[in-house]
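Architecture and fold: a report
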Amino acid sequence: MSDKIEKDSLESTLNSILEKSKNKLLAGAVVVIIALIVVIASTVVKSSSTTKAISLIDSVYYSYTKDASSLSDSDIAARQKDVLEKLSSLSGKSGIAGIRSNMLIADILFAQKKYDESRSAWLKAAAAGKKAYTAPLCYYNAAVCSDNLNDSDSALSYYTRAADFEDFLLADHALFNIGRVQEEKGDYSAAKAAYDKIYDLRPASNWAFLGKSRIIALKSEGKLK
């Protein structure tokens, strides 16, 4: 009798353990499934969010540029204000939405001669797509803004970052601007180094020719040996 009780007790204990294990396994499976659902859902939401953002940018850009040649200055100003208001919510985004919204914002602010704000927007656009083909252009334009602000150190920094990107189409122009700014700072050796780098990079470029011309001029002025 006692053997049967012990056997029944053992079977009951085993069944209880198995049931608990089964519940844990099921719970684990549910957690995995829920995690997958969350990942898939967030991907869909992210994709949907990006699509909506790009659609908004396209719509805003179309409204901004439609029949632009026939607009008065006040009309243009009104449209620019509308763009800045509608895209402000996208300026903190990463990826294509952040790049495109900030580039349009930066372009408008530059046209308004708000160079400090424009520079910030260009840098946001660069940060939104650090490896995108637009990044060097954004750094280049941030440097132009710095030039307009007479901030030579920032101009040199951003021109250099732009020029360091492989295959950047304006790399020779960026290097020439580095040389020009270095001349303005009185660092003629650094200016020559920038001009020489243009020739090493693109010897047939007009900027390489201008760089060589500047080196000759600096030597004739006694600023270089």
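Scroll up to find the structure.
What counts and what doesn't
Residues numbered from 1 in each chain as written. Predicted model: local features only at pLDDT ≥ 70, side-chain atom pairs only at ≥ 80, totals over all residues. Heavy atoms only, no water. 1 Å grid on protein atoms, 1.4 Å probe; cavity = no way out; pocket = protein on both sides within 12 Å on 5 of 7 lines; lining within 4 Å. Points joined across faces, edges and corners; volume = space filled by probe spheres on them. Helix = DSSP H or I, 4+ residues; strand = E, 2+ residues; numbered from the N terminus. Nonpolar A, V, L, I, M, F, W, Y, C, P; charged D, E, K, R; others polar. Expected span 1.5 Å × (residues − 1). Buried < 20%, exposed > 50% of the residue type's maximum accessible area, 1.4 Å probe, protein only. Polar contact = N/O pair within 3.5 Å; in protein donor to acceptor, adjacent residues only side chain to side chain. Contact = heavy atoms within 4.5 Å. Salt bridge = Lys/Arg side-chain N within 4 Å of Asp/Glu carboxyl O. Axes fitted to C-alpha atoms, helices over the stretch in contact; angles between N-to-C directions. Left-handed = near helix turned anticlockwise from the far one by under 90°. Parallel < 35°, antiparallel > 145°, perpendicular 65-115°, else oblique.

In this section: the layout of surface pockets. There is about 170 Å³ of room inside the largest pocket. The wall of the largest pocket is formed by Ile 57, Tyr 61, Tyr 64, Thr 65, Arg 100, Met 103, Leu 104 and Asp 107. Put simply, the parts of the chain that give the lining of the largest pocket at least two residues each are α1 (2–65) and α3 (95–111). Tallied by class, the residues present in the lining of the largest pocket amount to 5 nonpolar, 1 polar and 2 charged.

If you check helix α9 (residues 206–220), its first and last C-alpha atoms are 21 Å apart, about what 15 residues at 1.5 Å a residue would give, namely 21 Å. Regarding α9, the residues found buried are Ala 208, Gly 211, Ile 215, Ala 217 and Leu 218. Sitting at the amino-terminal end of α9 is Ser 205, which places a side-chain oxygen 3.0 Å from the backbone nitrogen of Trp 207. Looking one or two residues beyond α9, the residue adopting positive phi is Gly 222, at roughly 80°.

Structurally, Ser 154 can be placed in helix α6 (residues 152–163). At a separation of 2.8 Å, a polar atom in the side chain of Ser 154 contacts the side chain of Asp 151. Sequence-distant contacts of Ser 154, defined by excluding residues within four places in its chain, comprise Arg 119 and Ser 146.

This part is about the pattern of salt bridges. With the rule as written, the count across this model stands at 12 salt bridges. Put simply, Asp 147 and Arg 180 hold a salt bridge, and the shortest N to O gap is 2.5 Å. Of this pair, Asp 147 sits in helix α5 (residues 135–148) while Arg 180 sits in helix α7 (residues 171–185); the two residues are 33 residues apart in sequence, bridging distant segments of the chain. Given a relative accessible area of 23%, Arg 180 falls into the partly exposed group. Among the salt bridges present, the one from Lys 223 reaches Glu 221, with a minimum N-O distance of 3.2 Å. Overall, Lys 223 belongs to the partly exposed group, its relative accessible area being 38%.

This part takes up the packing of helix α2 (residues 73–87) against α3. Where α2 meets α3, the closest approach of the two axes is 10 Å, and the angle between their N-to-C directions is 145°. Helix-helix and strand crossings are classified by hand; for α2 and α3 the assignment is left-handed. Along the contact surface, α2 presents Gln 80, Val 83, Leu 84 and Leu 87, while α3 presents Ser 101, Leu 104, Ile 105, Ile 108, Leu 109 and Ala 111. When grouped by side-chain class, the residues that make up the contact of α2 with α3 number 8 nonpolar, 2 polar and no charged.

Within the element layout of this structure, Ala 77 appears in helix α2. Residue classification places Ala 77 among the partly exposed positions, given a relative accessible area of 38%. Residues Ala 77 and Ile 108, 31 residues apart in the sequence, show an inter-C-alpha distance of 9.6 Å.

For the rest of this paragraph, the subject is α7. The end-to-end C-alpha distance of α7 is 21 Å, a good match for the 21 Å that 15 residues give at a rise of 1.5 Å each. With respect to burial, α7 is a largely interior element, 11 of its 15 residues being buried. Turning to α7, its buried residues are Ala 171, Asp 172, Ala 174, Leu 175, Phe 176, Asn 177, Ile 178, Gly 179, Val 181, Gln 182 and Glu 183. Buried-residue contacts for α7 involve α5, α6, α8 (188–201) and α9. The first or second residue beyond α7 is Gly 186, which carries a positive phi of 85°.

Looking at the secondary structure, you find Asp 196 in helix α8. A polar atom in the side chain of Asp 196 sits 2.7 Å from the side chain of Lys 192. Discounting chain neighbours no more than four positions away, the residues touching Asp 196 are Lys 212 and Ile 215.

This part is about the packing of α7 against α8. Closest axis-to-axis distance for the α7/α8 pair is 7 Å, and the angle between their directions is 165°. Looking at the two axes, α7 sits roughly antiparallel to α8. Along this stretch, α7 crosses α8, giving a crossing that reads as left-handed. Contact residues: α7 offers Ala 171, Asp 172, Leu 175, Phe 176, Ile 178, Gly 179, Arg 180, Gln 182 and Glu 183, while α8 offers Tyr 188, Ala 190, Ala 191, Ala 194, Tyr 195, Lys 197, Ile 198 and Leu 201. In terms of residue class, the contact of α7 with α8 is made up of 11 nonpolar, 2 polar and 4 charged.

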